[in-house]
2 protein chains.
Amino acid sequence: MSYHALSQHFEQLHHLQHLGAICGWDQATMMPSGGNEARAEALGTLAVLCHQQLQDPRLADWFADAEQESSAREHKVSLAEMRRQWRDATLLPADLVRAMSLAGSRCEHAWRSLRPANDWAGYLPLFEEVLNLSRQVASARAETLGLSRYDSLLEQYEPGMRSARLDTLFGGLKSWLPELITQVQNKQRNEPMLQPQGPFAIEQQRALGLEVMTLLGFDFNHGRLDVSAHPFCGGVSEDVRLTTRYNEQDVAQALMGIIHETGHARYEQGLPAQWRRLPVGQARSMGVHESQSLFFEMQLARHPAFIARLTPLLERHFGAQPAFAPDNMARLYTRVSPGLIRVDADEVTYPAHIMLRYEIERDLIEGRMEARDLPERWDQLMQTYLGLSTKGNYKDGCLQDIHWTDGSFGYFPSYTLGSIYASQQAAAMQQQQRSLEQLIDNNLSSVFEWLQQHIWQHASLLETDTLIQQACGQSLDATAFKHHLQQRYLG
Amino acid sequence: MSYHALSQHFEQLHHLQHLGAICGWDQATMMPSGGNEARAEALGTLAVLCHQQLQDPRLADWFADAEQESSAREHKVSLAEMRRQWRDATLLPADLVRAMSLAGSRCEHAWRSLRPANDWAGYLPLFEEVLNLSRQVASARAETLGLSRYDSLLEQYEPGMRSARLDTLFGGLKSWLPELITQVQNKQRNEPMLQPQGPFAIEQQRALGLEVMTLLGFDFNHGRLDVSAHPFCGGVSEDVRLTTRYNEQDVAQALMGIIHETGHARYEQGLPAQWRRLPVGQARSMGVHESQSLFFEMQLARHPAFIARLTPLLERHFGAQPAFAPDNMARLYTRVSPGLIRVDADEVTYPAHIMLRYEIERDLIEGRMEARDLPERWDQLMQTYLGLSTKGNYKDGCLQDIHWTDGSFGYFPSYTLGSIYASQQAAAMQQQQRSLEQLIDNNLSSVFEWLQQHIWQHASLLETDTLIQQACGQSLDATAFKHHLQQRYLG
């Protein structure tokens, strides 16, 4: 009975979050700008309501009773996931939640104009406020959860992950990645490469995107593709809303973005229907989510066999040109080039951007570093990892990301965890079935069935380590990632 | 203090309704059909929450205290409008609300397939259930409000309106309208008329629609135009969402629909900003709302001077053709032809469709007629008012409207009240300023300024009679409507 009451309560919460997700999508894709103030107010009221829903005083009793009555394993796991959301919503004092939300909005809003103006001095006091409150949040969480301060933030995005484990993992990467980057650059230096010549009409790019989504098994009865300034995958699992943005001069940007978001979308669409309205039916973690988008974008779409399938589509939509030749497209899509901007980084240099951010955010939260020291530390680590300087260039350095502006510390590692999990999944899939080349040439559906069976259908019913262990025969391990990069870029 | 608490409470409710309005719009325009079940659940949860918000036990005390403390007239009116919503939400027993909602959904859902199948026998038991519950609702409302049963339902859509007054009003119409219809038909019988030759590309129809919306002062910073199966005006006043549907063979259908909805939209966009989040800041009544859409569609858009402005736009989008000549278009747009379907009816025969429905719904609710007698009564009144038979033709007779399927009895009179109010407004505007012909030829903004000043800015701050009296120098009166029809159709 109490489990039932809890389920109903969390289903209600899920319904409210559904409305928030659709109205958030609308805000980014459809809403005229004059509607923004009213929308922000309405979504603010919803956020308060959702928070109240989690602070309902009846929950404590229901949880206590449900622990006694529930015996099925799935119910126990479901209960644990509800408890996790409840705990996260109740362990912070309301004043701190409000202060954090206000400081985060203020800093993020200011960042939108301070970044293009390269104005570090204007940003610093706002960021110091966010950091100060984030440290308080981390302390409060750490105390309740029995974790270090940084780990308590990491836990929000990647349950079970600890910085000690990340230190080992990233330590391993650092032992071989810089050398690999150098080798790849040497190898690629003299490779001929043609840039496709635009313009590429946006209507055609959209038609191509829809075709590729269909090829990738996206279910258009439960989702759609639209345009927003910052691409995302939103909506709900019954109705997944992807967005992209088009550049008339660059056909790869929107296409690869769409493929990336389609990976997120298929995970959402593949979550088990019977659990969808409860926390246990949600995606396992941000790292696992990112593993699906990166599986689609990196393992699949940048594979020579997949690129060979793209060429006729490109030719059909934009006419033939020499640059569309599969071997040229493969070279374009796997070009390695250290740069300043994370979101523009290639597959090989991307982890360097993440390790840099991880080290800095960990030290900021643990109090081993102060906000004012950020630009110098950033420049120093960029020199170490990628041989580039950001001295005085804040906008392409420590001001480039939105994450820290509202206090989302602990999120960055998800990206590289995603790359590593994706490589492990690709390796296991190929070991258990056939090579990706054969799977792509023959029938992509075997790829999706494997992901459905090993990742999507498990939602949050398994812990991440168990999920990856059962799917890949080993938990988190960067060996497959290293082999993947060596094979693709040096093989 | 209590007024402040009430305001905050109703603002919260308004924010929830905002999310519901946007998600409802999305459901009709954007959502893939596979998302419907989850959306219906989410909107259902929201409806329950909104209802709970109005049943908050603190409201009674706040209202009692606020009556004492509030002195400003506007606060008193605002309080009265909040009280009206509160009363409506609390005067029905929860069981009845739930039963009504279920029976209404069931009947409406079945109606969608029973109507095309002309299946009256299948519809009758479902409709009997809805009628039975609607009578219970009417009785409960009647007892609390001290009104007759039908008047208690009318009060939901047209506060202050009573059936005794409608009887007089419609009695007046009946004394001259049938004769007028005959005269107009005789006059029009030999008029030459060319039908525009399609197809009219949908992209061009949309571009034309946007142009006409701009001409009519629609604010695209606070709204947009999309497509849905059943056109409506939704969203919130800061972000009004219009919809239309396009027919490749008929350019008038979408265009006139867009103009109609633009009238609704400008009322919404013109509501006073400082009251928008409270009940007093909402549109006055459905009749007044309909008066704005009909002012735009009938008084303005079917005026020869306006049609003359449309011709060059039509020619620019679709090329010139003889049918686009202003005098031909004017004849097309003012063709009078008694027909079976209300939504296809012209301006002159439309009131007959409404009077028929009014008489039937009043008698159904007052218990003077039973559901099973509906087809016969319908046929008999259609014969009387328009000389047409619907015997055995349920789908074009008593099954044609959605309104009664979910128990929306009392709504229909709003349409004809709207026609009459619109004529009164047009007459007063022309008396106070210049002829509509001159206003259209010179500057439409004088028209919109008049409506803003006399209708839109007053939201629900005035009772309908006062609003119309102040705007037009007299309250509800069909004389101007009669003059308008005589002048336009026989002049």
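Parameters and conventions
Residues numbered from 1 in each chain as written. Chains lettered and ligands numbered in written order. Predicted model: local features only at pLDDT ≥ 70, side-chain atom pairs only at ≥ 80, totals over all residues. Heavy atoms only, no water. Helix = DSSP H or I, 4+ residues; strand = E, 2+ residues; numbered from the N terminus. Buried < 20%, exposed > 50% of the residue type's maximum accessible area, 1.4 Å probe, protein only. Contact = heavy atoms within 4.5 Å. Buried area = accessible area lost by both parts, 1.4 Å probe. Salt bridge = Lys/Arg side-chain N within 4 Å of Asp/Glu carboxyl O. Polar contact = N/O pair within 3.5 Å; in protein donor to acceptor, adjacent residues only side chain to side chain. Domains from an automatic or database assignment. Phe/Tyr/Trp six-rings, centres within 6.5 Å; stacked < 30°, edge-to-face > 60°. Lys NZ or Arg CZ within 6 Å of the ring centre and 35° of its normal. Pairing = 2+ DSSP bridges. Axes fitted to C-alpha atoms, helices over the stretch in contact; angles between N-to-C directions. Least-squares fit on C-alpha atoms with pLDDT ≥ 70 in both. Lys, Arg positive; Asp, Glu negative; His and termini not counted. pLDDT = per-residue confidence, 0-100. Parallel < 35°, antiparallel > 145°, perpendicular 65-115°, else oblique. Expected span 1.5 Å × (residues − 1). Bend = angle between axes of the 7 residues up to and from the residue.

Topic: the overall build of chain A
Counting its secondary structure elements, chain A contains 20 helices and three strands. Each of the three principal axes of chain A carries a C-alpha extent, and together these read 65 × 50 × 50 Å. Put simply, chain A has 491 residues, and 58% of those count as buried. In chain A, once contacts between residues fewer than 6 apart in sequence are set aside, the share between residues at least 24 apart is 72%.

Quick look at the interface of chain B and chain A
The partner chain A presents 32 residues to the 32 residues of chain B that form the contact. Note on chain B versus chain A: buried area summed over both sides is about 2,800 Å², and carbon and sulfur give 61% of it. Linking chain B to chain A there are six salt bridges. Glu41 of chain A is the salt-bridge partner of Arg277 of chain B, the closest N and O atoms lying 2.7 Å from each other. Across the contact surface, chain B and chain A share 20 residue pairs in polar contact (both at pLDDT 80 or more). Looking at the side of chain B that touches chain A, the elements with two or more residues in it are helix H1 (2-29), helix H2 (36-54), strand E1 (223-227) and strand E3 (239-244) of chain B. Examining the composition of the side of chain B that touches chain A, we find that nine residues originate from one element, H1 of chain B, more than from any other.

Brief notes about the domain arrangement of chain A
All names here are of chain A. Structurally, chain A comprises domain 1 (2-140) and domain 2 (141-491). For domain 1 and domain 2, the distance between their C-alpha centroids amounts to 25 Å. At the junction of the two partners, domain 1 supplies 50 residues and domain 2 supplies 58 residues. Taking both sides of the interface into account, the surface hidden between domain 1 and domain 2 amounts to around 4,400 Å²; carbon and sulfur atoms contribute 62%. Sorting the residues of domain 1 by area buried against domain 2 places Trp25, Trp120 and Arg135 first, and these three jointly supply 16% of that buried surface. Here Glu370 ties to Arg135 by a salt bridge, and the two come within 3.4 Å at their closest N and O atoms.

Re unusual backbone geometry
Residues and elements named next belong to chain A. Between Gly198 and Pro199 the backbone carries a cis peptide bond, its omega angle lying at 0 degrees. Secondary-structure assignment places Pro199 in the loop between helix H8 (163-188) and helix H9 (202-215). The phi dihedral of Asn118 is positive, around 55 degrees, even though this residue is not glycine. With respect to the helices, strands and loops of the structure, Asn118 is situated in the loop between helix H5 (94-114) and helix H6 (120-145).

Some remarks on the side chain of His18 of chain A
Counting through the fold element by element, His18 of chain A comes out in helix H1 (residues 2-29). In this structure His18 of chain A touches Val236 of chain A together with Ala38, Arg39 and Ala42 of chain B, once residues within four positions along its chain are discounted.

Structural notes on the packing of aromatic side chains
Applying the stated criterion across every chain yields a total of 40 aromatic pairs over all chains. Seen in terms of ring centroids, Phe170 of chain A and Tyr358 of chain A are 5.3 Å apart; in terms of plane orientation they differ by 75 degrees. Their pairing is edge-to-face. Separated by 188 residues along the polypeptide, Phe170 of chain A in helix H8 and Tyr358 of chain A in helix H14 (residues 350-366) bring together distant segments of the chain. With respect to class, Phe170 of chain A is no different from Tyr358 of chain A; both count as buried. Centroid distance Trp404 of chain B to Phe412 of chain B: 5.7 Å. Interplanar angle 85 degrees. Geometry classified as edge-to-face. For the pair shown, Trp404 of chain B and Phe412 of chain B are each scored as buried. An aromatic cluster is defined as three or more aromatic residues linked by ring pairs; in this entry it consists of Trp120, Tyr123, Phe127, Tyr157, Tyr350, Trp378, Tyr394, Trp404, Phe409, Tyr411, Phe412 and Tyr415 of chain A. Across the ring face of Trp25 of chain A, the terminal group of Arg241 of chain A is positioned such that the distance to the ring centre comes to 4.4 Å. Positioned above the aromatic ring of Tyr415 of chain A is the side chain of Arg342 of chain A, whose terminal nitrogen or guanidinium carbon lies 4.9 Å from the ring centre.

Observations concerning the sheet that holds E3 of chain B
Residue and element names in this part refer to chain B. Overall, mixed pairing links the three strands, which are arranged E1-E3-E2 in an open sheet. Pairing within the sheet leaves two strands with one partner each, and these edge strands are E1 and strand E2 (233-236). The mean angle between the axes of side-by-side strands here comes to 20 degrees, regardless of whether they run parallel or antiparallel. Alignment of E1 against E3, held across five bridges, turns out to be parallel. Looking across to E3, one finds that Arg224 is bridged to Arg241.

Focus on the relation of the copies chain B and chain A
When chain B is brought onto chain A, the operation consists of a screw motion whose angular component is 180 degrees and whose axial shift is 0.0 Å, with 0.0 Å RMSD remaining. Considering both components of the superposition, the chain copies are consistent with a two-fold axis. Taken as a fraction of all interface residues of chain B, those also at the interface in chain A reach 100%, which identifies the copy contact as same-surface.

Quick notes on the pairing of E2 of chain B
All names here are of chain B. Of the two faces of E2, only the one carrying Gly234 and Val236 is buried; Cys233 and Gly235 on the other face are not. As defined by bridge partners, E2 adjoins E3 across four bridges and the pair is classed as antiparallel. If you follow Val236 over to E3, its bridge partner there is Asp239.

Quick word on the pattern of salt bridges
Scanning the model with the defined rule gives 64 salt bridges over all chains in all. Arg165 of chain A is the partner of Asp465 of chain A in a salt bridge, and the nearest nitrogen-oxygen pair spans 3.0 Å. In this pair, Asp465 of chain A sits in helix H19 (residues 464-472) while Arg165 of chain A sits in helix H8, placing the two residues 300 residues apart along the sequence. Given the relative accessible area of 31%, Asp465 of chain A is considered partly exposed. A relative accessible area of 28% places Arg165 of chain A in the partly exposed class. Between Glu155 of chain B and Arg84 of chain B there is a salt bridge, with its nearest N and O atoms 3.2 Å apart. Linking Glu155 of chain B in helix H7 (residues 149-157) with Arg84 of chain B in helix H4 (residues 73-90), this pair joins segments that are 71 residues apart in sequence. Across this residue pair, the class does not change: Glu155 of chain B and Arg84 of chain B are buried. Within the structure, one salt-bridge network assembled from shared partners comprises Glu81, Arg84, Glu155, Arg162 and Arg284 of chain A.

Quick word on the sheet that holds strand E2 (residues 233-236) of chain A
Residues and elements named next belong to chain A. Spatially, the three strands line up as an open sheet ordered E1-E3-E2, and their pairing is mixed. At either end of the open sheet lies a strand with only one pairing partner, and these are strand E1 (223-227) and E2. Within the sheet, the average angular offset between the axes of one strand and its neighbour, ignoring direction, is 20 degrees.

Some details on the side chain of Asp151 of chain B
Residue and element names in this part refer to chain B. Tracing the backbone shows Asp151 in helix H7. The buried charged residue Asp151 lacks any salt bridge partner; its closest oppositely charged side chain belongs to Arg162, at an N-O distance of 4.7 Å. Within the structure, the side chain of Asp151 is placed 2.7 Å from the backbone nitrogen of Ser163, a separation counted as a polar contact. Leaving out residues up to four positions away in the same chain, Asp151 has contacts with Arg162 and Ser163.

Some thoughts on the environment of Phe412 of chain B
Residue and element names in this part refer to chain B. Checked against the element boundaries, Phe412 lands in the loop between helix H15 (374-386) and helix H16 (413-432). Between the alpha carbons of Phe412 and Ala427 there is a distance of 24 Å; along the sequence they are 15 residues apart. In this structure Phe412 touches Arg342, Ile354, Arg357, Glu361, Asp401, His403 and Trp404, once residues within four positions along its chain are discounted.

Quick look at the confidence of the model for chain A
Detailed reading of predicted coordinates is not advised where the pLDDT is low. On average, residues of chain A score 96 in pLDDT, and 100% of them reach the 70 mark or higher. The complex model carries a pTM of 0.94, and its ipTM stands at 0.93.

Digging into the packing of helix H16 (residues 413-432) of chain A against H19 of chain A
All names here are of chain A. At a minimum axis separation of 9 Å, H16 and H19 run at an interaxial angle of 30 degrees. As far as their axial angle goes, H19 and H16 are roughly parallel. Taking contact as the criterion, the partners of Tyr421, Gln424, Gln425, Ala428 and Gln432 in H16 are, on H19, Thr464, Ile468, Ala471 and Cys472.

Concerning H6 of chain A
Each turn of an α-helix holds 3.6 residues, which means side chains three or four residues apart point in the same direction. All names here are of chain A. In a regular helix each residue adds 1.5 Å, so 26 residues correspond to 38 Å; H6 covers 35 Å between its end C-alpha atoms and thus fits that length. Maximal helix bending in H6 amounts to about 25 degrees, located at Leu126. For H6, the N-terminal cap is Asp119; the gap from its side-chain oxygen to the backbone nitrogen of Ala121 is 3.4 Å. Gly146 occupies a position one or two residues after H6 and carries a positive phi of about 65 degrees.

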